[in-house]
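Observations on the model geometry
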Amino acid sequence: MQPEGALCVAYSGGPDSTALLHALSELPLARARGLRALHVDHGLHAASHAWAEHCRQMAQEWGVPCLVLRVEVDHARGYGLEAAAREARYRAFALSLQPGERLLLGHHRDDQAETVLLKLLRGAGPEGLGGMRASRPLGEGTLWRPLLDVPRATLRAYVQERELPCIDDPSNADSRLSRNFLRHEVLPRLNQHWPQAVESIVHSARLSRAGAEALEQQWRHAMAELLDPATGSLDAAGWLALPHALRQPLLDHWLHARGLPAPTTVQREQIERQCRARDGQLPCIRWNGAELHVWKARLWALPPRRAIDPQWQACWQGEPLALPDGGSLLLEPAGQLTEALVVRLRQGGEQLRPAGDAHTRELRDLFQQSGMPPWRRLACPLLYADEELVGVGDRWLSTRGAQLFGTNRPHWQPAY
């Protein structure tokens with residue numbers, strides 16, 4: 001048992017987590033470390049509330065507090081239902097962990113073999129083929145998989161010998177789901193021909209994990225040189241010059257750190273091609289949940305942008321104003337303008353003479369000279385007084401705009 005931190009079990013009610021929670025409930029040392037359980041109700045099955053109540057009652061019978069977390073599964077983002085449910089579940093876990101607490105999961109040796117096969121079929125490199133990590137940070141605590149060397153059969157025998165009630169989720173028998181297909185159709189046939197198949201796959205995962213950790217030292221060093229902390233962007237040429245074995249994990253880590261999913265192999269190839277784009281081109285590679293821009297010789301990663309109505313407009317007198325891209329506009333210091341302005345979005349061809357400037361300038365030129373990223377320009381709030389453009393976001397005010405704002409100033413917070 002790891003030496004520090006309170007213990008919390010992710011308790012689904014299935015045989016594996018049931019065996020784990022029950023075994024820990026009989027250990028005085030685990031109880032002394034504040035043993036508790038978390039159950040996630042995804043709301044995806046008609047019996048999900050009954051399952052939650054089952055877990056609560058069983059934990060109570062074993063003298064373990066059990067907290068039920070109800071989540072909304074957003075499977076409209078292109079991830080697929082399995083991935084969306086997993087994302088919602090781990091987000092709930094992360095938010096529920098106390099500082100230093102360890103979340104124990106019932107993943108076992110057979111789960112590890114399935115994970116490695118899935119990663120292999122998706123074209124993963126050493127990091128993916130290393131399978132599930134035994135532990136990693138999660139929220140303010142640590143995720144811990146203490147059973148990765150334990151066969152599924154051992155856990156099922158524990159449950160049967162003690163006649164522990166378990167939940168039978170019918171989705172676990174649905175071979176249309178990738179993991180279930182491997183579990184019920186592929187691995188049994190592999191084991192018939194290679195009785196040591198699971199053990200060999202897990203051994204390969206350990207070797208891949210060791211290789212991935214050795215590579216990580218190198219790409220983290222490279223990332224420190226390529227990343228601009230102020231903008232979060234990467235040096236495109238420097239990234240492209242890295243060996244392939246470093247390029248892929250560095251890109252994935254950079255994206256995940258921004259809460260974005262990694263691209264497919266095809267999209268990675270597109271990114272590499274677009275890094276060589278000529279000056280003046282503005283490449284953008286999109287995939288489910290993310291978009292990547294190549295601009296000013298750097299890589300910029302963003303969540304997908306909202307569709308914006310170019311005809312949108314609003315009346316504004318200084319109060320916090322929500323913009324259609326998810327950004328905001330407000331007055332600093334907080335207050336109220338003496339004259340209401342109309343906020344619109346760019347249509348094209350707008351001109352402004354900034355206060356103190358001798359020339360009227362095209363907005364396009366102002367944007368380019370100031371280095372405003374292209375993906376922000378269409379969402380930049382334009383401020384009008386009596387149909388006259390007097391301000392552009394918080395970047396420029398005309399002489400009249402400066403008079404209208406006085407000692408206050410507009411503050412524009414872009415969504416991205």
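Residues numbered from 1 in each chain as written. Predicted model: local features only at pLDDT ≥ 70, side-chain atom pairs only at ≥ 80, totals over all residues. Heavy atoms only, no water.

1. Some details on the overall build of the protein
Keep this limit in mind: In this description a helix means any DSSP run of H or I spanning at least four residues, a strand means any run of E spanning at least two, and both kinds are numbered starting from the N terminus. Two things to know: the radius of gyration comes from C-alpha atoms, and the globule rule equals 2.2 Å times the number of residues to the power 0.38. Buried means the residue's accessible area, taken with a 1.4 Å probe over protein chains only, is under 20% of the maximum for its type, while exposed means over 50%, and partly exposed covers the values in between. Every residue pair with non-hydrogen atoms within 4.5 Å of one another is taken to be in contact. Here the accessible surface of atoms and residues is derived via Shrake-Rupley with a 1.4 Å probe, and residues count as covered only by protein chains that are part of the display. Residues scored as positive are Lys and Arg, those scored as negative are Asp and Glu, and His as well as the terminal groups of each chain are ignored. Here the site of a charge means NZ on Lys, CZ on Arg, CG on Asp, or CD on Glu.
For the protein, the helix and strand inventory stands at 15 helices and 21 strands. Here the C-alpha atoms of the protein give a radius of gyration of 27 Å, more than 25% beyond the 22 Å that 2.2 N^0.38 yields for 416 residues. When the backbone C-alpha atoms are referred to their principal axes, the protein occupies close to 85 × 45 × 40 Å. Out of the 416 residues belonging to the protein, those deemed buried represent 44%. Residue pairs at least 24 apart in sequence account for 63% of intrachain contacts in the protein once pairs closer than 6 positions are excluded. Of the roughly 21,800 Å² that the protein leaves accessible, carbon and sulfur atoms contribute 51%. Within the protein, one finds 47 positive and 47 negative side-chain charges whose respective centroids are separated by 4 Å.

2. Here we look at the UniProt feature "binding site: ATP" (unreviewed entry) in the protein
Put simply, the test is: UniProt positions are given in the numbering used here, feature names are shortened, and annotations may be inferred rather than shown by experiment.
In the numbering used here, UniProt assigns the "binding site: ATP" (unreviewed entry) feature to Ser12, Gly13, Gly14, Pro15, Asp16 and Ser17. Inspection of the secondary structure puts Ser12 in the loop between strand S1 (7–10) and helix H1 (15–25). Leaving out residues up to four positions away in the same chain, Ser12 has contacts with Ser17, His39, Cys55 and Ile167. One can find Gly14 in the loop between S1 and H1.

3. Observations concerning the pairing of strand S12 (residues 313–316)
A regular strand places its side chains on the two faces of the sheet in alternate fashion. Put simply, the rule reads: For two strands to count as paired, DSSP must find a minimum of two bridges between them.
What you see with S12 is a clean split: Ala314 and Trp316 sit on the buried side and Gln313 and Cys315 on the side with no burial. Here S12 runs beside strand S15 (residues 341–344); their pairing, made up of four bridges, is antiparallel. Residue pairing in the sheet places Ala314 in a bridge with Val343 of S15.

4. Comments concerning the packing of aromatic side chains
Heads up, the rule is: In this scheme Phe, Tyr and Trp rings, the latter by its six-membered ring, pair at centre separations within 6.5 Å, and the angle between planes marks the pair as stacked below 30 degrees, edge-to-face above 60, and tilted otherwise.
The final tally for this structure, using the stated rule, is seven aromatic pairs. Centroid distance Tyr90 to Phe93: 5.9 Å. Interplanar angle 85°. Geometry classified as edge-to-face. Taken together, the residues span about one helical turn, with Tyr90 and Phe93 both in helix H4 (residues 81–96) at a distance of three residues. Looking at Phe93, the relative accessible area reads 3%, which means it is buried. Their ring planes at 55° and their centres at 5.5 Å tell us that Trp295 and Trp300 sit as a pair that is tilted. Overall, Trp295 belongs to the buried group, its relative accessible area being 9%. Here a set of aromatic residues connected by ring pairs shows up, and it is made of Trp295, Trp300 and Trp375.

5. Focus on helix H12 (residues 265–274)
Condition: Taking the helix axis as origin, the arc is that swept by the directions to the C-beta atoms.
Along H12, the positions that sit buried rather than exposed are Gln267, Arg268, Ile271 and Glu272. Down the axis of H12, the buried set is contained in an arc of 145°. They therefore lie on one face.

6. Topic: the sheet that holds strand S21 (residues 409–413)
Pairing in this open sheet of three strands is antiparallel, and the strands run S13-S14-S21 from one edge to the other. At either margin of the open sheet sits one strand with a lone partner, and together these are strand S13 (321–322) and S21. One ladder, built from two bridges, connects S13 with strand S14 (residues 328–332); its direction is antiparallel. Across the sheet, Ala322 pairs through a bridge with Ser328, a residue of S14.

7. Comments concerning the UniProt feature "domain: Lysidine-tRNA(Ile) synthetase C-terminal" (unreviewed entry) in the protein
Taking the UniProt record as the reference, the feature "domain: Lysidine-tRNA(Ile) synthetase C-terminal" (unreviewed entry) is found at residues 341–412. Across residues 341–412 one finds 26% helix and 32% strand; the C-alpha atoms that close the span lie 15 Å apart.

8. Examining the sheet that holds strand S10 (residues 290–295)
Filter applied, for reference: Convention adopted: a line fitted to C-alpha atoms gives each axis, helices being fitted over their contacting stretch, and angles between N-to-C directions are expressed from 0 to 180 degrees.
Sheet architecture is open: five strands sit in the order S7-S8-S11-S10-S9, paired in antiparallel fashion. The outermost strands of the open sheet, each flanked by one partner alone, are strand S7 (227–228) and strand S9 (284–287). Where S7 meets strand S8 (residues 233–235), two bridges bridge the pair, whose relative direction is antiparallel. Considered in S8, the bridge of Leu227 is made with Leu234. Relative to S9, H12 is tilted by about 170°, and along the sheet it contacts S9 and S10.

9. Side note on the environment of Arg364
Following the sequence through the fold, Arg364 ends up in helix H13 (residues 363–370). It is 8.5 Å that separates the C-alpha atoms of Arg364 and Gln351, two residues lying 13 residues apart in sequence.

10. Side note on the domain arrangement of the protein
Note the cut-off: An automatic or database domain assignment supplies the residue ranges for each domain. Buried area is understood as the total, over both parts, of accessible area removed when two parts are fitted together, assessed with a 1.4 Å probe. When a carboxyl oxygen of Asp or Glu is within 4 Å of a side-chain nitrogen of Lys or Arg, the pair counts as a salt bridge. What qualifies as a polar contact is a pair of N or O atoms within 3.5 Å, subject to a donor-acceptor requirement within protein and to the restriction that residues adjacent in sequence count only when both atoms come from side chains. Nonpolar residues are Ala, Val, Leu, Ile, Met, Phe, Trp, Tyr, Cys and Pro. Charged residues are Asp, Glu, Lys and Arg, and all others, Gly as well, are polar.
Each assigned domain of the protein is listed with its residue range as follows: domain 1 (7–194), domain 2 (227–302) and domain 3 (313–413). Inter-centroid distance (C-alpha atoms) of domain 2 to domain 3 is 31 Å. Listed as interface residues are six residues of domain 2 and, on the opposing side, six residues of domain 3. Of the roughly 470 Å² buried at the junction of domain 2 and domain 3 (both faces included), carbon and sulfur atoms supply 86%. Of all residues in domain 2, the largest losses of buried area upon contact with domain 3 belong to His293, Trp295 and Leu302, amounting jointly to 69% of the total for that side. In this assembly, domain 2 and domain 3 are joined by zero salt bridges. Where domain 2 meets domain 3, there are zero residue pairs in polar contact (both at pLDDT 80 or more). Those elements that provide at least two residues to the side of domain 2 that touches domain 3 are S10 and strand S11 (298–302). Along the lines of polarity and charge, the residues of the side of domain 2 that touches domain 3 split into four nonpolar, one polar and one charged.

11. Some points on unusual backbone geometry
At the junction of Glu332 and Pro333, the peptide bond is cis and its omega measures out at -10° in the coordinates. Phi angles above zero are rare outside glycine, and Lys296 is one such case at about 55°. Owing to a relative accessible area of 55%, Lys296 belongs among the exposed residues under this scheme. Residue Asp386 is not a glycine yet carries a positive backbone phi of 55°. On the secondary structure map, Asp386 appears in the loop between strand S18 (382–385) and strand S19 (388–392).

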